Amino acid sequence: MALPTQPYKGARDFYPEDKRVQKYMFAVMRHVAESFGYEEYDAPILEPLEIYAAKTGDEIVNEQTYMFTDRGGRQVVIRPEMTPTVSRMVAAKRQELAYPVRWYSIPNLWRYERPQRGRLREHWQLNVDVFGMAGVEAELEVIQLADSIMQAFRAKREMYVIRLNSRKLIDSLMRDYLELDDVQAITMVKLIDRMHKIDHAEFVGQADGIFHPSQREAGATERLMELLKIRSLSELPETVQTHEAIHLLQTLIDRLEKAGITNVTYDPTLMRGFDYYTDVVFEVFDTNPENNRAMFGGGRYDGLVGLFGVEPVPTVGFGMGDVTLANFLETHHLLPELRPEIDVYAIYIGNVTEAASKVVSELREMGLNVAVGDVQSKMEKQIKTAVKKGVRYVLFIGSKELESAQYVLKDLKTGNEETHSLQRLVSIVKDYRQA
Ligand code: HAM
C-alpha cells in the first residue's frame, strides 16, 4: 500500500506559495513589533507539564495538550501557548533584566482541538508581552501595537473590532450583582466564555441551572441576560458604577479613541479562557460573520512570573494567530500579490556550463536570486518551468552572450526580449522586485 501524502490531521504542510503568505504575515508582524521597541526571543517547543498546570486553564491542560512521557520518565508537553514559557524565561533572569522588558516571538503551538474554520491543531502565534509596567500605559501600548499590525495589513476600522473587559469587573458582577458564590461564579464564567459557540436556548438553560432556585425565582437569569446585552460601561448597574475597573476601562477606551482607534467596545461576554489574567482582557474580532473567531487575545496577568518563585512582575500581552489572520486577509481581499523568491531563471544555450555558471555567481553576488534550468532539458521546457513557477524573467546565456557580455533578458509577462549588460539587467530586475 502506498504511503499517505496528507499531513497529520489538523496540521498544515506549507508549500512554497503557502509559506510565502506566512512569510509576508510574519514580516509585517516583526516590523510592527520592532517599531515599538520589542525584541525577539524564542524557546524550546517542549516544556514540563507543571508550567501549564497552575494557570493555563482546565480545557487546554486536560483536553488539548499533546503530552507524552520522555525516555527519562518526565511528563512533557508540546507547548499549547507561549505565555507560561515567556514568564518562566523572565523569572529565570528576574534580577538582570532591564524593565520594562518588551519581547515578542512567533512560535508554532499545538492544541488537540476539533479542526474547523479558524481552528487547527497547530498554529503560529505572534506573542507580544511587556513586563514591568503596572499602569494603564502598558495596556494602551500593547493594544496600540495590535491595532498597528491591523493597519499595516491595510485593514479598515470597520473590518475589525477590539473588545475589552476586565477580570476584576467580571468578578464583581458575578459576586455583587448576580450574588453568585465562588463555585457558581467559576461555572458561570466558563459558560459565558462558550456563549457564542452554543445556541441561545441551550445557553439560557445552562445558566438557569447554575442559579439556586431562589435566585432563579428572583429573576437572576433575566438579570444575567440583560447584563450580557450591554455594550457600554455607562449602562452597567448602579451597584458597580464606582468600581475601579470601570474607571480603568473608560480611561483606556478614551485614550485609544484619542489615538484614532475608534473601533473599541466594552463587551461583558468577553471572558478569556485562561486562569492567569488578573485585570483588563481584550480580543480583536473580524466583523465579517464568516470569520467568527478572535484574531488576537490577551490581557494583564500580574501573577504568572511570580509562580516561578520570584517577586511578581506586572505584565500585559497578547497572542495573534496566523490561521484567523489569513482568513481575515483573504475574506477582505487584503493579501497583496506575492512574488516567488526566484528573480531570474537562467537558461544555458549550448555547452557553456562552466563560463555561464560564473556569470550566474556574479548575478547572485550582485543581489539577484537566480535558479538555473536543467541543462538536460530542451529550452522550451525550461521556459515552461519558469512560467509555471511564476518567475518574471528568463536570462539566456550562450557563447555569443558570453563573448559580448550582453545578455538576452526575456520578460515572461510581456514576452519582450531585450539585450543588456549584467549591471543593467540587475537594475531592471531589482526595480521590478521593489515595485
Ligand atoms: P488564545 O486566545 O488562546 O491566547 O490565542 C490567541 C490567538 O491565537 C487566538 O485569538 C487565535 O487567533 C489563535 N489561536 C488559538 N488557538 C488556535 C487554534 N487552535 N487554531 C488556530 N488559531 C488559534 C493565548 O494563547 C494567550 N497565551 C495569549 C497571550 C499572550 N496572553 C498574554 N500574552
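One can find the structure itself at the top, above this paragraph.
All values reported here derive from a predicted model rather than from experimental measurement.

**Section: the sheet that holds strand E3 (residues 66-69)**
Stage number 1. The strand order across the open sheet built from three strands is E2-E4-E3, with neighbouring strands paired in antiparallel fashion. Where the open sheet ends on each side, the last strands, each with one partner, are strand E2 (46-48) and E3. Looking at each pair of strands side by side, their axes are set apart by 35 degrees on average, direction ignored.

**Structural notes on the site of the ligand**
Stage number 1. The environment of the ligand is made up of 27 residues, and the closest members are Glu81, Thr83, Glu113, Arg272 and Tyr277.
Stage number 2. Here aspartate 129 contributes a side-chain N or O atom positioned 2.8 Å from a nitrogen atom of the ligand.
Stage number 3. Relative to its unbound accessible area of 660 Å², the ligand is 97% covered by the protein chains.
Stage number 4. Sort the elements by how many residues they give to the shell around the ligand and strand E11 (residues 294-300) lands first, with five residues.

**Here's the deal with empty space enclosed by the protein**
Stage number 1. For the structure shown, the criterion picks out one cavity of 30 Å³ or more.
Stage number 2. When its volume is computed, the largest cavity comes out at roughly 40 Å³.
Stage number 3. For the lining of the largest cavity, the secondary structure elements donating two or more residues are helix H6 (167-177) and helix H10 (220-229).
Stage number 4. Ranked by the residues each element gives to the lining of the largest cavity, the list is headed by H6, at three residues.
Stage number 5. Here the residues of the lining of the largest cavity are counted per class, giving eight nonpolar, no polar and no charged.

**Quick look at the pairing of strand E12 (residues 315-321)**
Stage number 1. When you tally the buried positions in E12, you get seven out of seven residues, the bulk of the element.
Stage number 2. Side chains Thr315, Gly317, Gly319 and Gly321 project from E12 onto one buried face, and the interleaved Val316, Phe318 and Met320 project onto a second face that is buried too.
Stage number 3. Sheet topology note: the strand E7 (residues 122-131)/E12 ladder contains seven bridges and is antiparallel. Bridged to leucine 126 within E12 is methionine 320.
Stage number 4. For E11 and E12, the ladder comprises five bridges, and the chain directions are antiparallel. By the bridge assignment for E12, glycine 297 is matched with glycine 319.

**Observations concerning the packing of helix H13 (residues 353-365) against helix H16 (residues 422-434)**
Stage number 1. For the pair H13 and H16, interaxial distance at closest approach is 11 Å and the crossing angle is 50 degrees. One element, H13, and the other, H16, form an angle in the oblique class. The element H13 and its partner H16 pack so that their crossing is right-handed. Touching Val359, Glu362 and Leu363 of H13 are Leu422, Leu425 and Val426, all from H16.

**Quick look at the sheet that holds strand E17 (residues 417-420)**
Stage number 1. Strands sit in the order E14-E13-E15-E16-E17 across an open sheet of five strands; the sheet is mixed. One side of each edge strand has no neighbouring strand; the edge strands of this open sheet are strand E14 (370-372) and E17. On average, adjacent strands in this sheet sit at an angle of 30 degrees to one another, irrespective of strand direction.
Stage number 2. Pairing analysis gives five bridges linking strand E13 (residues 344-348) to strand E15 (residues 393-397), with the strands arranged parallel. The residue of E15 that forms the bridge with isoleucine 347 is phenylalanine 396.
Stage number 3. Packed on one face of the sheet, helix H14 (residues 379-388) meets E13 and E15 and runs near 175 degrees to E13.

Rules of the game
Residues numbered from 1 in each chain as written. Predicted model: local features only at pLDDT ≥ 70, side-chain atom pairs only at ≥ 80, totals over all residues. Heavy atoms only, no water. Pairing = 2+ DSSP bridges. Helix = DSSP H or I, 4+ residues; strand = E, 2+ residues; numbered from the N terminus. Axes fitted to C-alpha atoms, helices over the stretch in contact; angles between N-to-C directions. Near = heavy atom within 4 Å. Polar contact = N/O pair within 3.5 Å; in protein donor to acceptor, adjacent residues only side chain to side chain. Areas by Shrake-Rupley, 256 points an atom, 1.4 Å probe, with all protein chains shown as cover. 1 Å grid on protein atoms, 1.4 Å probe; cavity = no way out; pocket = protein on both sides within 12 Å on 5 of 7 lines; lining within 4 Å. Points joined across faces, edges and corners; volume = space filled by probe spheres on them. Nonpolar A, V, L, I, M, F, W, Y, C, P; charged D, E, K, R; others polar. Buried < 20%, exposed > 50% of the residue type's maximum accessible area, 1.4 Å probe, protein only. Parallel < 35°, antiparallel > 145°, perpendicular 65-115°, else oblique. Left-handed = near helix turned anticlockwise from the far one by under 90°. Contact = heavy atoms within 4.5 Å.

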